[in-house]
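Structural description and commentary
If you want the building blocks of each chain, they are given just below.
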Amino acid sequence: FFFFKQKTAYEIYQCDWSSDVCSSDLQTLPPQAPTAPSSTNITVIKSQHQRLVFTQDIQRLAVGDTEIVSADLITSREVLALGRQTGRTTLIVWFSNGQSREYVFSVQRDLTVLQRALKVINSSIEVESAPDRDAIMLTGVVPDLVTSQTAEAMARNYLDAGANARAAATPLVSAPAAAAPSSAL
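1. A short note on the packing of aromatic side chains
Any aromatic ring pair is given by two values, namely how distant the centres are and how the planes are angled relative to each other. On inspection of all chains with the given rule, the structure shows 2 aromatic pairs. Considering the side-chain rings of F54 and F95, the 5.5 Å spacing of their centres and the 65° angle between planes classify their relative orientation as edge-to-face. Here F54, found in the loop between β2 (49–53) and β3 (58–63), pairs with F95, found in strand β6 (residues 87–95); they are 41 residues apart in sequence, far enough to count as distant. With a centroid separation of 6.1 Å and 55° between ring planes, the pair formed by F54 and Y103 is classed as tilted. Linking F54 in the loop between β2 and β3 with Y103 in strand β7 (residues 100–108), this pair joins segments that are 49 residues apart in sequence. Y103 matches F54 in its accessibility class, with the two residues each being buried. Here a set of aromatic residues connected by ring pairs shows up, and it is made of F54, F95 and Y103. Between R60 and the ring centre of W94, over which it is positioned, the NZ or CZ distance is 4.0 Å.

2. Focus: the sheet that holds strand β4 (residues 69–75)
Backbone-to-backbone hydrogen bonds join strands into a sheet, with any given pair of strands oriented parallel or antiparallel. The 3 strands are arranged β2-β5-β4 in an open sheet whose pairing can be described as antiparallel. Each edge of the open sheet carries a strand with a single partner, namely β2 and β4. Taken pair by pair, the neighbouring strands of this sheet meet at an average axis angle of 20°, ignoring direction. Pairing between β4 and strand β5 (residues 78–83): 6 bridges, direction antiparallel. Looking at the pairing, S70 lines up with L82 of β5.

3. Some thoughts on helix α2 (residues 145–161)
With 17 residues, α2 extends 24 Å from end C-alpha to end C-alpha; this agrees with the ideal 24 Å at 1.5 Å per step. Looking at α2, one finds that the buried residues are T147, S148, T150, A151, M154, A155, N157 and L159. The residue sitting at the N-terminus of α2 and contributing the capping side-chain oxygen is D144; that oxygen lies 3.3 Å from the backbone nitrogen of V146.

Reading the values: rules and limits
Residues numbered from 1 in each chain as written. Predicted model: local features only at pLDDT ≥ 70, side-chain atom pairs only at ≥ 80, totals over all residues. Heavy atoms only, no water. Phe/Tyr/Trp six-rings, centres within 6.5 Å; stacked < 30°, edge-to-face > 60°. Helix = DSSP H or I, 4+ residues; strand = E, 2+ residues; numbered from the N terminus. Buried < 20%, exposed > 50% of the residue type's maximum accessible area, 1.4 Å probe, protein only. Lys NZ or Arg CZ within 6 Å of the ring centre and 35° of its normal. Pairing = 2+ DSSP bridges. Axes fitted to C-alpha atoms, helices over the stretch in contact; angles between N-to-C directions. Expected span 1.5 Å × (residues − 1). Polar contact = N/O pair within 3.5 Å; in protein donor to acceptor, adjacent residues only side chain to side chain.

So this is what it looks like as structure tokens:
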């Protein structure tokens, strides 16, 4: 549980969270054996690793943009990829038998905290990473302009709080062509 001190959801920053969580409060998940990726499209959260295990020996690797993803050969059949920056790039894996396989990596921000906070404002609001840049998109139908502005302010605060040395990203707000009395994000 997190405790907040009389702040509205869109004013909450990471530094406002209480750290009064005991390890006994956390559930443990059973270990899962990693397997070879079943899809050629892989999504990784920025600053997190993705372990790829293959059934055949790997001869070499190539990453299109090492600023976005780095990949290291851990064993002859295991690759460890790290999402470094948001964006898209490719990883090509060549196997000892002469075959190769190409993977498209999409590195995205972790939006789980923002998604939960937006659901408090209005349950129809969805958030996703833009596929081509460090930006987010809000979609959904909300009852009024105030709700829409509150959701947008929360998204901007979220982006500002997570900004690093690069310029802060701007949220993209999409709306359907014909809006009814409700306000659309």
